[in-house]
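This is what each chain is made of:
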Amino acid sequence: MAKMHPYISKLGFSILIPDGWDYTENLDKIDMAEKERESQKKWLLIKDGPDSPEKAAKMFLEMLGGMSTGMQVVIATSRKVFYEELLILGVERPKGSIFDKSTATQIQFLLLPHEIALKEWSGKLTATRLLITLQELTEEARLRAKEHLGFQEGYFIVANEKNPDHPAMTVVKLSMRENQTSSQLYSIYHQCLPVWFWSGIPDKVKTVKNKTVDNGEMTVVENYLSFNETDSLSIYAAKGMTGWVISCTGLGFNFHHHKSLFEKMIESFRVEQN
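In this text the structure is predicted, and so the values were computed from the model without any measurement.

**Focus on the environment of Ile246**
Part 1: Examined against the element boundaries, Ile246 turns out to sit in strand β10 (residues 242-249).
Part 2: Residue classification places Ile246 among the buried residues on the basis of a relative accessible area of 1%.
Part 3: Once residues lying within four places of it in the same chain are set aside, the contact partners of Ile246 are Met169, Thr170, Val171, Leu233, Ser234, Ile235 and Phe269.

Rendered as structure tokens:
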């Protein structure tokens, strides 16, 4: 495992980071709900304008304003693979029996939106068009969740640019409107994400001890792209009305090569006392 050294961030946390990795910090404050409103207004203008399908698809694949971490593009790209497979299931099976029971159990929260998408786009579906439809269906819930969270206070990214897998960790600081536990933060933040992050495969959620955060624990989430391979790690921590969302990602399908290193970094995360 790579040698590591402590790093104290201006965002109010400390963490061990690997020697030789590059890092950057951003302290810009963003009103998450306002950014979402701006995005939805822009989306509406594009949808109603000329060449709307092509322009909407292009905008959809851009990174969402207000979630300012760059690394989310990596996850967004990998998640699309799952939806391509989902669509193959949809067009190969007769209406009313799109999914077998095991698959339906895994993605039951997508069943109704998927039926609507199939009806709207008939046999002309692409993963992008399905995701656009799902994005529209979840606009209101996403806005409410961002209003509940409040402000993004900045972010920190540490990454190994020399490694072809581009392993990276992003730490986002949130200024929430009320106290939340780490598990509550996970639930609300998940609703804030655009639908391309919803792989349809259930997250594996556990708690880990961390004496510097509320309740003495953080919520660690393993995200999956396939049913047997961890694709990324997300960590949620809260102290009062301050929230921390940590995302560990990598390019390609080699995340398992870096998982133990990320787990060591997660264990070292500490909220600094004011």
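From this point on, the discussion continues.
**Some details on the packing of helix α7 (residues 139-149) against helix α8 (residues 182-192)**
Part 1: At a minimum axis separation of 7 Å, α7 and α8 run at an interaxial angle of 135°. As far as their axial angle goes, α8 and α7 are oblique. As for the relative orientation of α7 and α8, their crossing is left-handed in sense. Across from Ala141, Arg142, Ala145, Lys146, His148 and Leu149 in α7, the residues of α8 making contact are Leu185, Ile188, Tyr189, Gln191 and Cys192.
Part 2: Residue composition of the contact of α7 with α8, by class: seven nonpolar, two polar and two charged.

**Some words on the sheet that holds strand β1 (residues 4-8)**
Within a beta sheet, neighbouring strands are joined by backbone hydrogen bonds and run either parallel or antiparallel to one another.
Part 1: Spatially, three strands are ordered β1-β2-β11 in an open sheet, and the strand pairing comes out antiparallel. Each end of this open sheet is capped by a strand with a single partner; those strands are β1 and β11 (270-271).
Part 2: Where strand β2 (residues 13-18) and β11 come together, two bridges link them in antiparallel fashion. Its bridge partner being in β11, Ser14 is matched across the sheet by Arg270.

Rules of the game
- Residues numbered from 1 in each chain as written.
- Predicted model: local features only at pLDDT ≥ 70, side-chain atom pairs only at ≥ 80, totals over all residues.
- Heavy atoms only, no water.
- Helix = DSSP H or I, 4+ residues; strand = E, 2+ residues; numbered from the N terminus.
- Buried < 20%, exposed > 50% of the residue type's maximum accessible area, 1.4 Å probe, protein only.
- Contact = heavy atoms within 4.5 Å.
- Axes fitted to C-alpha atoms, helices over the stretch in contact; angles between N-to-C directions.
- Parallel < 35°, antiparallel > 145°, perpendicular 65-115°, else oblique.
- Left-handed = near helix turned anticlockwise from the far one by under 90°.
- Nonpolar A, V, L, I, M, F, W, Y, C, P; charged D, E, K, R; others polar.
- Pairing = 2+ DSSP bridges.

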